[in-house]
Amino acid sequence: MSAAELKTPGGPDPQAAATSVADQRPAEVHEPKSSGGGGRRRRKGALLPYLLIGPTVIAIGAVFIWPLIKTVIMSFQDVGRKELWLGTDPEWVGFEKFEEVLTDGAFWDSVYLTVVFMIACVVTTLVIGLGLALAMQRMSTWARLMLTGALIAAWSIPLLVAASIFRWLSDSDYGVINMVLSKYLGLDFQGHNWWLDYKQGFLIIGAVVVWGAIPFVAVTLYAALTQVPKELEEAAAIDGVNAFGNFRYVTFPVIKPVFQMVATLSVIWDFNVLGQVWLMRGSKPEPEYEIIGLYAFNKAFESNSFSQGAAISLITVLLLSGVAVYYLRQLLKIGEVD
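**Considerations on the environment of Phe 117**
Next, step 1: Along the chain, the position of Phe 117 falls in helix 6 (residues 105–138).
Next, step 2: The exposure class assigned to Phe 117 is buried, which follows from its relative accessible area of 7%.
Next, step 3: In sequence terms Phe 117 and Lys 199 are 82 residues apart; their C-alpha atoms lie 10.0 Å from each other.

Structure representation (structure tokens):
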């Protein structure tokens, strides 16, 4: 078809001619699609996260979930030394072991002692840790690095070594504590035995617990303090707010979520203290030092009632479940803020 015919009034319609020309073009060549290759790659990509996290899930199940299931089963059975060693089927006793524990006055005495000891340790740890964090904020760089290194070194010391150090410090004949109190403070503590009175003994045990917990609290709170905007503190100071008011109304609201998280962890850790008491009393703690962890240990291994020990462990989990839920809520709130 010539161009003259397209321009002639009586000629064919230009749009129809264009369509006719387009119809004469060769059809596009489509490459054949691979059969299933892309689908397999997509499936592998979707499964990859589960394959990567699989070993961790298996490890957690083997270390935590399976022992917890066995503990629950054991608490409803009568498992003694014979059943544990010979593998014989234990008798199912229902809630009998829980009734024995909950009706035992020694159990509630240990709970009361544990709660009082835990509160004292947590409050002391938080106060000293927060004080160190505030001091680190005002230190020079080299001094802060040295203090941080010392805190990490104290945190990394094994519990057995820490207990040995504090047993030497509190020794009645050669202890540094008695020497300092007698020589420098003028108090009569020469040859004083800190373990004759269980309240004084708990002061030494509490010192071991606090000494081991302060590094984590101090470093964590210092990291939170670095997130406080300096402009807010400077504006409050210009408005005439003193140092305490500045901390109360400006600094603490910013670090409050982290402070609550650290406090909750400290409650959980200090409620489950056992090794400090066990080591400080030479693996033979007196009845006055029987906190709930030691009570469960004695029931399970001294009285050979493993089912009672399992029941006490589950009761302890229930007592701490509210604290654990609160801790998880704080983590979620921090995640929302971030």
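Anyway, onward from the coordinates.
**Re the nonpolar core**
Next, step 1: Ranked by internal contacts, the top residues of the largest apolar core, which has 61 residues, are Phe 107, Ile 205 and Met 280.
Next, step 2: The leading source of residues in this core is helix 10 (residues 198–225), at 14 residues.
Next, step 3: Among all residues touching Ile 205, those that are not within four sequence positions of it are Phe 117, Trp 195, Gln 276, Val 277, Met 280 and Tyr 289.

**Notes on the packing of aromatic side chains**
Next, step 1: By the definition in use, this model includes 18 aromatic pairs.
Next, step 2: Measuring from centroid to centroid gives 5.5 Å for Phe 76 and Phe 98, while their planes differ by 50°, and the two rings are tilted. Pair noted here: Phe 76 is in the loop between helix 3 (37–75) and strand 1 (77–78) and Phe 98 is in helix 5 (residues 96–102), with a separation of 22 residues, a long-range link.
Next, step 3: What makes Phe 98 buried here is its relative accessible area of 12%.
Next, step 4: The interplanar angle of 85° and the centroid separation of 6.4 Å between the aromatic rings of Tyr 198 and Phe 202 together place this pair among those described as edge-to-face. Of the two residues, Tyr 198 and Phe 202 both sit in helix 10, four residues apart, roughly one turn of that helix.
Next, step 5: Using a relative accessible area of 33% as the deciding quantity, one classes Tyr 198 as partly exposed.

Analysis parameters
- Residues numbered from 1 in each chain as written.
- Predicted model: local features only at pLDDT ≥ 70, side-chain atom pairs only at ≥ 80, totals over all residues.
- Heavy atoms only, no water.
- Helix = DSSP H or I, 4+ residues; strand = E, 2+ residues; numbered from the N terminus.
- Buried < 20%, exposed > 50% of the residue type's maximum accessible area, 1.4 Å probe, protein only.
- Core = buried A, V, L, I, M, F, W, Y, C linked by side-chain atoms within 4.5 Å.
- Contact = heavy atoms within 4.5 Å.
- Phe/Tyr/Trp six-rings, centres within 6.5 Å; stacked < 30°, edge-to-face > 60°.

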